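Here are the chains, one letter per residue:
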Amino acid sequence: MPILIKRYANRKLYNTETSRYITLKGIAELIDAKKAVQVIDNETGDDITSITLSQILVDSERSN
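Conventions used here
Residues numbered from 1 in each chain as written. Predicted model: local features only at pLDDT ≥ 70, side-chain atom pairs only at ≥ 80, totals over all residues. Heavy atoms only, no water. Helix = DSSP H or I, 4+ residues; strand = E, 2+ residues; numbered from the N terminus. Buried < 20%, exposed > 50% of the residue type's maximum accessible area, 1.4 Å probe, protein only. Pairing = 2+ DSSP bridges.

Enquirer: Help me get a handle on unusual backbone geometry, residues and values and all.
Expert: The phi torsion at Ser-19 lies on the positive side, around 55 degrees, for a residue other than glycine. Note that Ser-19 resides in the loop between strand E2 (13–15) and strand E3 (20–22). Overall, Ser-19 belongs to the partly exposed group, its relative accessible area being 49%. For Lys-34, which is not glycine, the phi torsion reads 65 degrees and is therefore positive. Here Lys-34 lies in the loop between helix H1 (24–32) and strand E4 (37–41).

Shown next, in the form of structure tokens:
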């Protein structure tokens, strides 16, 4: 079962497994550790995992 991350209207990401906020970098670290992650928009319930992963890729390209 994937780790559920909720994105709130204020753009904060919340890891429901640890009950703490998480950054895009933190999500990238989970993925690097071979953890399955699912990101859900808290208001609509939409799965926004692919959008979030795209943001992680863009951020990592900028830092290289």
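Let's pick the thread back up.
Enquirer: So what's going on with the pairing of E4? Which residues, and what values?
Expert: Where burial is concerned, most of E4 is hidden: four out of the five residues are buried. Examined bridge by bridge, strand E1 (residues 3–7) and E4 share five bridges and lie parallel to one another. Counterpart to Ile-3 in the pairing with E4 is Val-37.

Just geometry here; none of it tells us what the structure is for.
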